[in-house]
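# Inside the fold
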Amino acid sequence: MNAATDKLTVRVFFALWPKDAERPGFASWQGTLQALCGGRTMRPDTLHATLVFLGEVSTDRLEALKLAAEEVSSERFDLCFDQARYWGHNHILYAAPATVPRQLSQLVHELEGNLKRHRFAFDQREYQPHVTLLRNARWRDEALPGMLPVHWRSVDFVLLQSEQQSGRANYRVLARFPLDDVLHFTG
């Protein structure tokens with residue numbers, strides 16, 4: 001192994017990371033949905049909503065990655081996860097918002113633009129905000145039952161590193177990026 005040519009990499013992505021107070025709402029969905037669909041529940045401490053997935057990034061590019069995120073100027077927003085949905089192609093059951101806030105769409109769009117400008121490769125697909133609740137689930141092609149909404153106040157987004165430990169995914173927050181606290185005055 002030649003240390004001069006081999007670069008260390010880390011598996012990273014940007015995400016919305018709920019506060020501890022928001023996680024029990026998602027956990028309450030998991031028990032009900034697992035009884036219907038089977039599958040493996042995601043650990044409450046790993047629940048998140050991915051914004052942009054990058055995958056393997058060279059450690060010597062992490063500062064440029066953080067700079068791309070620091071250049072984002074987006075407002076805080078409220079997000080309401082109020083629907084359970086199922087992706088049959090990968091057997092994932094997830095929480096989704098019926099309505100995507102304008103600020104969330106702008107955040108993802110601006111973040112992707114900054115990443116392109118800084119020459120980062122990432123998964124480019126239509127953004128669908130979701131929180132994965134169950135893996136290896138099985139469901140039919142019909143609506144899932146209604147669940148109590150989970151309200152989430154997004155005040156920042158994070159850069160997460162994904163690490164495998166004993167066959168389980170663990171996420172480590174590498175950096176936090178605050179969203180603008182914009183006050184609207186009426187007069």
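Residues numbered from 1 in each chain as written. Predicted model: local features only at pLDDT ≥ 70, side-chain atom pairs only at ≥ 80, totals over all residues. Heavy atoms only, no water.

## A look at the packing of aromatic side chains
One pass over the full model with this rule turns up 10 aromatic pairs. Each ring, one from Phe-13 and one from Tyr-171, has its centre 5.5 Å from the other, and the planes form 90°; the classification is edge-to-face. With Phe-13 in strand 1 (residues 9-16) and Tyr-171 in strand 10 (residues 168-178), this pair connects stretches of sequence that are 158 residues apart. For Phe-13, a relative accessible area of 3% corresponds to the buried category. Look at Tyr-171 and you get partly exposed, because its relative accessible area is 21%. Taking the centre distance of 5.3 Å and the plane angle of 70° together, the rings of Phe-26 and Phe-81 count as edge-to-face. (Phe/Tyr/Trp six-rings, centres within 6.5 Å; stacked < 30°, edge-to-face > 60°. Helix = DSSP H or I, 4+ residues; strand = E, 2+ residues; numbered from the N terminus. Buried < 20%, exposed > 50% of the residue type's maximum accessible area, 1.4 Å probe, protein only.)

## Structural notes on the sheet that holds strand 10
Taken together, the four strands give an open sheet; going across it, the order is 3-1-9-10, and neighbouring strands pair in antiparallel fashion. In this open sheet, the two strands that pair with only one neighbour each are strand 3 (49-58) and strand 10. Neighbour-to-neighbour, the strand axes of the sheet open up by a mean angle of 25°, direction not taken into account. Alignment of strand 1 against strand 3, held across eight bridges, turns out to be antiparallel. Counterpart to Leu-16 in the pairing with strand 3 is Ala-49. Helix 3 (residues 102-117) rests against strand 1, strand 3 and strand 9 (156-165) of the sheet, and its axis sits at about 15° to strand 3. (Pairing = 2+ DSSP bridges. Axes fitted to C-alpha atoms, helices over the stretch in contact; angles between N-to-C directions. Contact = heavy atoms within 4.5 Å.)

## Some words on the pattern of salt bridges
This model, assessed by the stated rule, comprises 11 salt bridges. One salt bridge connects Lys-66 with Glu-63, and the closest N-O pair in it is separated by 3.6 Å. With Lys-66 and Glu-63 both in helix 2 (residues 62-70) and three residues apart, this pair spans about one turn of that helix. Between Arg-102 and Glu-75 there is a salt bridge, with its nearest N and O atoms 3.9 Å apart. One end of the pair, Arg-102, is in helix 3; the other, Glu-75, is in the loop between helix 2 and strand 4 (77-81), with 27 residues separating them in the sequence. The class of Arg-102 is partly exposed, set by a relative accessible area of 47%. (Salt bridge = Lys/Arg side-chain N within 4 Å of Asp/Glu carboxyl O.)

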